[in-house]
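# Structure at a glance
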Amino acid sequence: MYRKRISINWYDFAVLGIIAILATVSTGCATSSIKPRSMAAVSSYFDKDKELVWEAVLQAVEGMPVEVKDKEKGKLITRWVSGWSQARTTGLILEGHWHERHRLLIKVMDEQNKTYVSISAQVEEKSPGGSQAFRWNRVPSDGTIEREFFDKLEKILSNM
């Protein structure tokens, strides 16, 4: 018996190359997709010194568990605060509420005789049932949590 040899000529090679290029271009790259930000920041400058602003931040955070509190670096990170989502439910029939949690990342820095404060929130949610109920998924913050905390901070600073 004779075995038939596989031979590839330049035409077959060119066709395979074109197919490979078209497959790559049509599927795209997994890292090229643009996803919405998972954080929205609210920031401002204050004419008060850093020590006073840092104390106001600590007062505003009172009642929330704190994970990182570094005064020298001006960095404060709260622990996750869990609750129920106000925006997402499974409907009237199932009456399930989505779990939601958030944490704040606050930076306080001296810049040009002013104090810069930046507040960001990381928000995660999970569904009330099914396989999604076991894992938290990061969602973009709409900025409400940051603005509410910032308003509280401004009120504390104006009373000092």
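Residues numbered from 1 in each chain as written. Predicted model: local features only at pLDDT ≥ 70, side-chain atom pairs only at ≥ 80, totals over all residues. Heavy atoms only, no water.

### Section: the side chain of Arg-103
Tracing the backbone through its elements, the reader meets Arg-103 in strand 5 (residues 97-111). Given a relative accessible area of 17%, Arg-103 falls into the buried group. A polar side-chain atom of Arg-103 sits 2.7 Å from a polar atom in the side chain of Gln-122. Among all residues touching Arg-103, those that are not within four sequence positions of it are Glu-67, Ile-77, Thr-78, Arg-79, Trp-80, Ser-120, Ala-121 and Gln-122. (Helix = DSSP H or I, 4+ residues; strand = E, 2+ residues; numbered from the N terminus. Buried < 20%, exposed > 50% of the residue type's maximum accessible area, 1.4 Å probe, protein only. Polar contact = N/O pair within 3.5 Å; in protein donor to acceptor, adjacent residues only side chain to side chain. Contact = heavy atoms within 4.5 Å.)

### Observations regarding helix 3 (residues 144-159)
Here helix 3 contains 16 residues, and its C-alpha end-to-end distance of 23 Å stays within 8% of the 22 Å for a straight helix at 1.5 Å per residue. Among the residues of helix 3, Glu-146, Phe-149, Phe-150, Leu-153, Ile-156 and Leu-157 are the ones counted as buried. Along helix 3, the residues classed as buried sweep out an arc of 120° about the axis, all on the same side. Residues of helix 3 that are exposed and angled more than 90 degrees away from the buried face: Glu-148, Lys-155, Ser-158 and Asn-159. (Expected span 1.5 Å × (residues − 1). Arc of directions from axis to C-beta.)

### Considerations on the confidence of the model for the protein
Here the protein shows a mean pLDDT of 78. Residues at 70 or above account for 74%. Of all the helices and strands in the protein, strand 4 (residues 81-89) carries the lowest mean pLDDT, 69, while strand 3 (residues 75-78) carries the highest, 94. For the stretch residues 30-39, pLDDT sits under 50, and the model shows 14 contacts to residues farther than four places along the chain or on other chains. (pLDDT = per-residue confidence, 0-100.)

### Remarks on unusual backbone geometry
A positive phi angle, close to 50°, is found at Gln-112, a residue other than glycine. A residue is classified by how much of its surface remains accessible, and Gln-112, at 77% relative accessible area, is exposed. A positive phi angle is found at Asn-113, which is not glycine, with a value near 65°. As for its position among the elements, Asn-113 is in the loop between strand 5 and strand 6 (114-126).

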